[in-house]
Structures are given as C-alpha cells and as structure tokens.
Amino acid sequence: MYISPQLHFGMFIYPGGHHIAAWRHPEAASEHVTELGYFQRIGQACERGLFDALFVGDALAARESRGKVVGEVAINNLDPVSVCAAVAGVTERLGVVATLSTSFHDPFLIAAKFAALDHYSGGRAGWNVVTTSSDAAAYNFGSEPHMEKTLRYLRAAEFVSVCQALWDAGTDQVRHRGRFFQVEGSLGLPPCPQGRPALLQAGGSPSGRALAASIAEAIFTAQTVLGPAIEYRQSIHALLAEQNRPPLAIKILPGFSPILGSTMAEAKRKEAELDELVHPRVGTWMMSEYLHYPLYDLSPDAPVPVPDIRAATPDLSPAASAHLDRCTREGLSIAQGGRILARSRTHQSFVGTPEGMADHMQTWLQEGGCDGFNLLPAWFPGELDLFVDEAVPVLQRRGLFRTEYEGTTLRGHLGQGDESARFPA
Amino acid sequence: MIRTLTLHSAAVPLSLPACRDLVRAADAAGFDALFFVRGPGPVLDAVPLIAALASVPAGIGLGASVPIDYQEPFHLARAYAAIDRLTAGRSAIVLDGGDGLAAAIGRDVDLCTERRLECLTAARKLWDSWEDEAVLVDRPAGLFTDSARIHRVDHAGRYFTVRGPLNAPRPLQGWPVIVAPLALGQTALAADAVTVTTAADVASVAGRVGRVLLDVVVGDAEPALRPGCDGVNFVARSSGGLADWLASQERPVAHAGPVTLRQRLGLLRPVSQFAGA
C-alpha cells in the first residue's frame, strides 16, 4: 500500500455554501456571492490555509424542478475559468482548478484558455476534466442527444490529447487527425509555466477511472466509507501501474464537509441549526435529482423506494448508488435521505471538534483511503475561516499537513512530500 | 470624447504584473476602456486575463476579443455573466471574426453574418433570462431567487437551440458592452460600439449604432473628429514604446466614483426582454 505522508487539500467554492440551506444562515455572505470581494476573501483564506488549490465546479444548466428554477437554493457556481482567473489575480501560491466539460467545446480554444490561465497565474492552473450527461445541459447546446458514455469518454481522452499536443508544441504547429478531431494549428505561445496545466478528473465510472489513470494528477471522488475507499484507491493504483505511472502520480481527494465546534455539543448544535433551515421541498428535490427518480408524490416520511429507483436507472453513478446503499442500510425515509444530501450531497460529512476531525483524517490517510480531501465548507466565509484557523494548526502539529508552500506551481503542491512516501518493502 | 486603447496579442505581456501596470497606466491616462484582441501571432484568450485584472483598482473598462464564429451562446453568456459582475460592470466583448482559426477548430462551421447575429441574439436572451429583481436572498422566506422572474429563453434558430435559463444572475450592465470592427459588416450593426479604420467610414455607421470610434495607431497624432464620430480607439500592434506613450498621455479623469462601462460610454442599459413576462 502506497501511503502519502501528508494531506493535500482542495477547497471547493460553492456560492452560499455546501450545505444546501446554509445561505440562510445569518453569518453566510449570501448577498455577495457574485462579487469579486467574496472570491478574493475566500481565495486569500485558502492561501493562508496553505491549501493545494481552490476548486470550482461547473454546471451547464440552472437548477430546475419540473420546469421552474428552484428558488430555495443558491445559484450554481459562476463560470469556473473566470472565477479561477479572478482568484489568481489576488493570490500568489494557491492553485486554481476550473471544472470544464469537453462535451460542448473545441480543443483548440480550450487549450488556449488554459494556457492563458497558466501563464497569468504563474503556473497555478488546473483543469478538472469532465463530460456532460445531463439532459438539462443538452438543451442549452442544441437539440442533439448526448453521446453514449463510452464514446463521450473516448472523445474526452482525444480532446485532452489534442490540448496536450498544443501545450507541448508552444509556437510550433500541431497536426492531429483523430476519430473525433482534426486540428491543425499552433497556440503561438511560449510554453506554460507548468509546461501543461495540471489535470484533474472527477468521474467514478470505469471510463472515468481509465481517463484519470491516463491523464490526471488528482481525482475528486465521493467516498464515505473507508473500506471501499481503500479498494477504490488501490484500483486506481493498479490502473496507474498499467500506464507506467507511479502510484502517487494521482492524489485522491474525497469530498469532505466538516461542521466543527470547540466541543461536540457545539458542533451538533451547529448541525441542528443548519438542518432546521432546510426547506421540506428541497430535501425531496435533492433526492429526486440525485437518484433520477421523481419522489414528489410520496410522503417525505415514506421509506426511500430503493428497488424502484434502481430499476428505473440501472447505471446510477457510483456516488448515487452508495447513497442508496446507505438509505437501505439505515432504513432512511425520503426526508432523512434528503437531509444527508442537503449537508454534503454524496460526500463525507463530519460533525465534531478539530481534534476529532484530525483523528478521522489521520486514519483515512494512514490506512490508504485517500491522499487528502476536497473541502466542502458548510458556508462562506465563516466555516472556511474556522477550518483554516482551528483545524489546520491541529493537522500541522501532528505533522499531517505542510507548514509552508515549498513550490510555486499547482503541480508542485500536489507533489510536495512525495519523496518521503511510504512504499511496501 | 471617448478614448479607448486596443492591444493586439503581440503587444500584450504574458505576465500578470506587467498587465496590471498597463491597466493602471491606461486608467491614469483617462482611457475609458482597454481592449485585448487577437492579432497575428499568439492565440491569446484574453477572457481569463480580464477576470484576473478585475482586482486592479481602476475604473477603466476591460474587454477581450472572442471569435464569434466558434462560440456557443450559453458559454459566452455564462463567461460574461461572471466577468461583468467580477469587474463591477466594466466588461466588454470585442467581436473577432475568427479568421484563420478554421483549420485549428477543424469542424465545418458556416462563417456568415446570420450565424454571428444569431449567436449574439441568443446570448442576449440568456443575459435577460434573469430579470434584475430575480435575486432575493430572502432568508426568512427561504427564497434565494424569485423563480417567477427567471425565464426559459426557448431560442430555436437556424444555428442554435438554447432552452435556458442561464444559471447566473443578470450582468450588472444588463448586457456587456459589445464592440465590433466595421469590417464585420452587418454583424457590426448589432454592436454597441463600432470601430472604423478611416474617417470616411464614420458616415456609414453614424446614427445606426450607439457609438462610433475611429482607429488611430498608437504614436500617431489624434485627428480632429468628424460629426458622428464619438471618439478614438488607439491601436497598438506591438509593445514597442507603449509604456512611454501611455506615460505621456496623462489626462484629468472626469468620473467621480465607480461607473459601469455603459455609463462611461453614454450607452443605455437594456431592460430584460422578459420583464413582465
């Protein structure tokens, strides 16, 4: 088992906060979520916290329920590359990772876009490569149906290889003739500070894992139970070996939503406060969306109709399927399942003290469950500040996290500490 | 009189600190906007650049060229919905016809006025899909937005089908300022401001678009302006002498307090076409 000696952190910015109702919290800066100052404050807190990167997710459609925008939830993230560039403008070391789907773009223009972000951030750019499968998104880009999953990922792999060729070529010409793309041209730019922007991947399907093993330097995954997380990480290491890449070439970062207090009681109070803010309709909406099954006509107290949901969508995502497993295991009602999603969607949720959180993270790291986490603060900026001020020092004291940035690039941060990794005898 | 400065990509440094200096110098010299456009040579995507420059304390407008032939309306609308707010309403899109990119894009695209105009029309519908009053942040009621004020756009045209709505609030300017060179023909008439290369061309667009600007090469003397011409767009194709020239341009700045680029250029702010729908 290959173990990272230290944790790596992404920080996932989400307007209004990751707890779906936290925008209603009096301390959440909800009125400011489209202002530069909001992102500036958050970016600078991340840098103070010595995180590897700010992570910006993407969505290509408004959040609707039965044809109408869901007014009870905060807005999606703003355009990720723009947010990343704005934060790069007010930070010096923090990586900036933008999610961007290959589905509705041309590789040449995306290569130019990320080259610009890498140049202007001084080598801190990252691209979380995803593909799009949502019907709502398809309706915003023409009326063609989505490509089938395997084809989508094949296209994505070729898309990335075209970008890599363009970044590597600098001012030289690239001539690519492939299954999906025929590209002839040059970016006409000197090489990026990182050579190529860092690449991340977030799809959990077999196609997603294969793509990650081939191109990625970090994976954002949804893992809530340690045993399966270890197996998942080992499966990625096996795929890396097939690609002749070392196991620590990819840092695996499960999502992690902390609700912290100086005592357990305080943390639980905070959790209860947030639960109270969840509108009853929102829980049902989240369950319906994540499980691809309309639950609106059922009582919120009814048990989750797991067999019907599985029958309706046999190829449910691994994260959604894991949530269904949990609903079955714990005998949850729709409202109870919805509350879990409200807190952290399909990601880990931790309620407790910074020391308890450090114990948890230490176990996950040292048992080989992950290489770090992608943090999902409940609201901004307060819960992020709390993590930076109260939780990071605990991790540093235990030697689990860096006390300074050693490198100046995102790739440098992701690789920091690798030289003292533990390998099997 | 309006004064803007256009830098072709060969004139744009690849370092953010150097670009920040340019913004500060152009702002101090009283320019209304700084436009970063694609020229021969480096393929510079200046959209992330203007986002990175949003934090430079300055009132100057910031524009980036966008190859309109290769844009999806939703992507364009989304990027500028973000950038317009991040720049506090100082953003502009400079239309670029995408010349010379065909082999790099590598798929068949109708390079024509109809497609370009349709892309702009669809993007404007998306910017209008959220009425100005859509964002509530009503904590007691638990409503972040008023969904009755967010509209599907249901654009179904020859080249684009876009259902909408956008997933971002309305730009502070309503629509970002759109600038186009006269060389784009009919497409230019859909812009807020058109740049012309000779004084004689002013008459062909004056009165048909919001603002007309005459291109002048950096270093040349500022000409007297003909009727119908609202100002000058200085153009630098290379960086040689640019810093000195900017330093020589000190002018008093007339604006008190932050204004949007539309306000600086004397352009009206559009009302959402879906207001009251």
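Data block above holds the structure.
To start, this report covers the structure provided alongside it.

Procedures and definitions
- Residues numbered from 1 in each chain as written.
- Chains lettered and ligands numbered in written order.
- Predicted model: local features only at pLDDT ≥ 70, side-chain atom pairs only at ≥ 80, totals over all residues.
- Heavy atoms only, no water.
- Helix = DSSP H or I, 4+ residues; strand = E, 2+ residues; numbered from the N terminus.
- Rg over C-alpha atoms; globule rule 2.2 N^0.38 Å.
- Buried < 20%, exposed > 50% of the residue type's maximum accessible area, 1.4 Å probe, protein only.
- Contact = heavy atoms within 4.5 Å.
- Areas by Shrake-Rupley, 256 points an atom, 1.4 Å probe, with all protein chains shown as cover.
- Lys, Arg positive; Asp, Glu negative; His and termini not counted.
- Charge placed at Lys NZ, Arg CZ, Asp CG, Glu CD.
- Axes fitted to C-alpha atoms, helices over the stretch in contact; angles between N-to-C directions.
- Parallel < 35°, antiparallel > 145°, perpendicular 65-115°, else oblique.
- Left-handed = near helix turned anticlockwise from the far one by under 90°.
- Nonpolar A, V, L, I, M, F, W, Y, C, P; charged D, E, K, R; others polar.
- Core = buried A, V, L, I, M, F, W, Y, C linked by side-chain atoms within 4.5 Å.
- Expected span 1.5 Å × (residues − 1).
- Arc of directions from axis to C-beta.
- Polar contact = N/O pair within 3.5 Å; in protein donor to acceptor, adjacent residues only side chain to side chain.
- Salt bridge = Lys/Arg side-chain N within 4 Å of Asp/Glu carboxyl O.

## Comments concerning the overall build of chain B
Okay, step 1: Check the secondary structure of chain B and you find eight helices and twelve strands.
Okay, step 2: Relative to a compact globule of 277 residues, whose C-alpha radius of gyration would be 19 Å, chain B shows 19 Å and is just as compact.
Okay, step 3: Principal-axis analysis of the C-alpha atoms gives chain B an extent of 55 × 45 × 40 Å.
Okay, step 4: Burial statistics for chain B: of 277 residues in total, 59% are counted as buried.
Okay, step 5: Look at the contacts in chain B between residues 6 or more apart in sequence, and 70% of them connect residues 24 or more apart.
Okay, step 6: Accessible area for chain B stands at about 10,100 Å²; split by element, carbon and sulfur atoms hold 53% of it.
Okay, step 7: Side chains of chain B give 26 positive and 28 negative charges; the mean places of these two sets differ by 3 Å.

## Some points on the packing of helix α5 (residues 149-169) of chain A against helix α6 (residues 206-215) of chain A
Residue and element names in this part refer to chain A.
Okay, step 1: Interaxial distance between α5 and α6 falls to 10 Å at its minimum, and their mutual angle equals 15 degrees. Viewed along their axes, α5 and α6 adopt a mutual orientation that is roughly parallel. Read as a crossing pair, α5 and α6 show a hand that is right-handed. Along the contact surface, α5 presents Lys-149, Thr-150, Tyr-153, Ala-156, Ala-157, Val-160 and Gln-164, while α6 presents Ser-207, Gly-208, Leu-211 and Ile-215.
Okay, step 2: Of the residues in the contact of α5 with α6, the class split is six nonpolar, four polar and one charged.

## Re the nonpolar core
Residues and elements named next belong to chain A.
Okay, step 1: Residues Phe-51 and Trp-127 are the most contacted members of the largest nonpolar core, which totals 195 residues.
Okay, step 2: Per-element accounting of this core gives the leading share, ten residues, to helix α3 (residues 107-121).
Okay, step 3: With near-sequence residues (within four places) excluded, Phe-51 lies in contact with Phe-9, Met-11, Cys-46, Leu-94, Leu-375, Leu-384, Phe-387, Val-388, Val-392, Phe-401, Arg-402 and Tyr-405.

## So, helix α1 (residues 16-28) of chain B
Each α-helix winds once per 3.6 residues, and so residues spaced three or four apart point in a common direction.
All names here are of chain B.
Okay, step 1: Relative to the 18 Å expected for 13 residues at 1.5 Å per residue, α1 spans 18 Å between its end C-alpha atoms, a close match to the ideal helical length.
Okay, step 2: If you check which residues of α1 are buried, you get Leu-16, Cys-19, Arg-20, Leu-22, Val-23, Ala-26 and Asp-27. For α1, the buried positions fall inside an angular range of 155 degrees around the axis, keeping them on one side.
Okay, step 3: Two or three places before Ala-18, at the opening of α1, Ser-15 has a side-chain oxygen 3.1 Å from that residue's backbone nitrogen.
Okay, step 4: The positive-phi residue at the C-terminal boundary of α1 is Gly-30, with phi of around 80 degrees.

## A look at the pattern of salt bridges
For side chains bearing opposite charge, pairing can occur when the charged atoms are close.
Okay, step 1: Tallied over the full model, the rule gives 40 salt bridges over all chains.
Okay, step 2: A salt bridge links A:Glu64 to B:Arg163, with the nearest nitrogen and oxygen atoms 3.7 Å apart. With one member in each of two chains, A:Glu64 in strand β3 (residues 64-65) and B:Arg163 in the loop between β8 (161-162) and β9 (177-181) form a pair that bridges those chains. You'll find A:Glu64 and B:Arg163 in the same group, each marked buried.
Okay, step 3: With a closest N to O distance of 3.0 Å, A:Glu330 and A:Arg326 form a salt bridge.
Okay, step 4: Take A:Glu330: its relative accessible area is 42%, and that puts it in the partly exposed class.
Okay, step 5: Through salt bridges with shared partners, one network takes in A:Arg41, A:Arg48, A:Asp385 and A:Asp389.

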